Structure formats: C-alpha cells, structure tokens
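# Coordinate inspection notes
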Amino acid sequence: MKAISVLPFLLLAAFAGSAAAQAIDETDMLGRRLQALEMDPATSGFAQLERLQARQAIDAYVNARARDRDALRQVAGWRVDTAETAARSEALRREIDRLDRTRADLLVEASRQEAARARAEAERLRIQAQIQAEETARLRAAADSELTARQQAETVLEGVASDQAAKLRAARARDAELARREAELLRQAEQDGD
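Residues numbered from 1 in each chain as written. Predicted model: local features only at pLDDT ≥ 70, side-chain atom pairs only at ≥ 80, totals over all residues. Heavy atoms only, no water.

An unreviewed UniProt entry lists the protein chain under the name DUF4398 domain-containing protein, with Luteimonas yindakuii as the source organism.

### Quick word on the overall build of the protein chain
Assigned secondary structure in the protein chain consists of three helices and zero strands. Across the 194 residues that make up the protein chain, the buried fraction comes to 12%. Intrachain contacts of the protein chain at a sequence separation of at least 6 include 63% that bridge at least 24 residues. Element-wise, carbon and sulfur atoms account for 59% of the exposed surface of the protein chain, whose accessible area totals about 15200 Å². (Helix = DSSP H or I, 4+ residues; strand = E, 2+ residues; numbered from the N terminus. Buried < 20%, exposed > 50% of the residue type's maximum accessible area, 1.4 Å probe, protein only. Contact = heavy atoms within 4.5 Å. Areas by Shrake-Rupley, 256 points an atom, 1.4 Å probe, with all protein chains shown as cover.)

### Some remarks on the pattern of salt bridges
Pairs can form between side chains of opposite charge once their charged atoms are near each other. One pass over the full model with this rule turns up 18 salt bridges. Across the salt bridge formed by Arg-32 and Asp-28, the nearest N and O atoms sit 2.4 Å from each other. One end of the pair is Arg-32 and the other is Asp-28, both in helix 1 (residues 2-39) and four residues apart, which spans about a single turn. What makes Arg-32 partly exposed here is its relative accessible area of 48%. On the basis of relative accessibility, which here comes to 40%, the residue Asp-28 falls in the partly exposed class. (Salt bridge = Lys/Arg side-chain N within 4 Å of Asp/Glu carboxyl O.)

### Describing the nonpolar core
Ranked by internal contacts, the top residues of the largest apolar core, which has 15 residues, are Leu-34, Ile-58, Ala-76 and Val-80. Contributions of two or more residues to this core are made by helix 1, helix 2 (48-62) and helix 3 (66-193). Of all the elements, helix 3 adds the most residues to this core, at six residues. If sequence neighbours within four positions are ignored, Ala-76 has contacts with Leu-30, Ala-57, Ile-58 and Tyr-61. (Core = buried A, V, L, I, M, F, W, Y, C linked by side-chain atoms within 4.5 Å.)

### Some points on the packing of helix 2 against helix 3
It is the contact of helix 2 with helix 3, at a shortest axis distance of 8 Å, that shows an interaxial angle of 160°. Judged by the inter-axis angle, helix 2 sits roughly antiparallel to helix 3. In the crossing of helix 2 with helix 3, the sense of the turn from one axis to the other is left-handed. Residues Glu-50, Arg-51, Gln-53, Ala-54, Ala-57, Ile-58, Ala-60, Tyr-61 and Val-62 of helix 2 lie in contact with helix 3, whose contacting residues are Arg-69, Leu-72, Arg-73, Val-75, Ala-76, Arg-79, Val-80, Thr-82, Ala-83 and Ala-86. (Axes fitted to C-alpha atoms, helices over the stretch in contact; angles between N-to-C directions. Parallel < 35°, antiparallel > 145°, perpendicular 65-115°, else oblique. Left-handed = near helix turned anticlockwise from the far one by under 90°.)

### Some remarks on the environment of Thr-82
Topologically, Thr-82 is positioned in helix 3. Given the relative accessible area of 41%, Thr-82 is considered partly exposed. A C-alpha to C-alpha distance of 9.4 Å links Thr-82 and Gln-53, two positions 29 residues apart in sequence.

### Some details on the packing of aromatic side chains
Counted by the stated rule, this structure contains zero aromatic pairs. Taking the ring centre of Tyr-61 as reference, the NZ or CZ of Arg-69 above it sits at 5.9 Å. (Phe/Tyr/Trp six-rings, centres within 6.5 Å; stacked < 30°, edge-to-face > 60°. Lys NZ or Arg CZ within 6 Å of the ring centre and 35° of its normal.)

### Side note on the confidence of the model for the protein chain
Summary statistics for the protein chain give a mean pLDDT of 83 and a share of 87% for residues scoring 70 or more. By mean pLDDT, the top-scoring element of the protein chain is helix 2 (91), and the lowest-scoring one is helix 1 (64). Contacts from residues 9-17, a stretch scored under 50 in pLDDT, to residues over four places away or in other chains number zero contacts. (pLDDT = per-residue confidence, 0-100.)

### Digging into helix 3
With 128 residues, helix 3 extends 183 Å from end C-alpha to end C-alpha; this agrees with the ideal 190 Å at 1.5 Å per step. Taken as a whole, helix 3 has its buried residues at Arg-69, Ala-76, Gly-77, Val-80, Ala-83, Glu-84, Ala-86, Ala-87 and Ala-91. (Expected span 1.5 Å × (residues − 1).)

### With respect to the side chain of Arg-69
Topologically, Arg-69 is positioned in helix 3. Although Arg-69 is buried, it makes no salt bridge; Glu-26 carries the closest opposite charge, 7.3 Å away. Engagement of the side chain of Arg-69 in a polar contact is seen with the backbone oxygen of Ala-64, the distance being 3.5 Å. (Lys, Arg positive; Asp, Glu negative; His and termini not counted. Polar contact = N/O pair within 3.5 Å; in protein donor to acceptor, adjacent residues only side chain to side chain.)

### A short note on the side chain of Thr-43
Among the structural elements, Thr-43 can be located in the loop between helix 1 and helix 2. For Thr-43, the side chain forms a polar contact with the main-chain oxygen of Leu-37, separated by 2.8 Å.

Following this line, the structure appears as structure tokens:
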C-alpha cells in the first residue's frame, strides 16, 4: 500500500522534472534568440526596450508556478518575437536611411557632374561661336578688302578708259584736223593748178 502511494509522487516528480527540463530548453532557446540579436552587428544597438521586456518575460517564465507557465511561455515567446521584429525593423529603417542618404549624395554628385558637363558644353559652344565670329569677321574684312580693291581697280580702269577715250578723241580730232587740212591743201592745190 505504501508503494502505491509513493508512485503518484514519483510520477509527479518525474513530470515536474520533465516540465522543468522543457522549461530550461525553451528558456535556453529564447535566450539564444535574444543573444543572437545582441551579437548581430546589424541589430545589436536596436530595440533595447523590447529586448529588456523579453528578458523580463523569460525570467518570469522561469520563475513561474506550474499553472502559470504556459501563459508566461507564450508571453515570453511573443516578447522575443517582438524584440526580433523591432530590432530588424529599426535596422532596416537605418539601412533605408543610409541608402536614402547615399542616393541623395549620388543624385547631388550626378547633378554636379551634369552641371559641369553643361558648363563645359556651354564653354565649347562659346569658343566655337567666338571662332565662327572671328572667321566671319575675317571673311567680311577680306570681302570688304576685295570690294575696295575692285572698286579701286574699276576706278583705275575708268580713269584709264577715260584717259584712253580722251586720247582717242584727241587722236580722232587730230585725224579729222589732218584730213580737213589735207582736203584744204588738195583743194588749194587744185585751185592753184587751174
């Protein structure tokens, strides 16, 4: 009879021992998850409050009476999940902020480079326009010089033509005068001969 009454206590102790072992395993697993957050450089500085609450929930689970263990285990799991989610979310927000800053820096740099290209292009076009203006001025000066030379040549030619025409007129006038004299002389010679 005494052996039978001890059996429930042994079963209860064995059950309690297995429950305690399960609690230690679950506590160890939850603790490893929190430790992984703290050891990961990407998440170690984030979600301090959530990690503290998760540690407190794990401690409460470990120290709980048997009847409260299931509820506190679930709360501890939720707190660890919350800490992981909060740490990763904050790490992602920081990474997004860093990427946004990098993007903004790249956009500023691209704008600077585009402005530098635009300035270089404007300078190239200004130099090209200046060269074209100088070439146009040179061609205009050459054309003006040629026009002046042509006008001078025409003036000289007109002067020469004018001189030639005057000489021609003078020569014709002399020829006419000589022809008139010759005719007069012939007439006189005829009259003298009669």
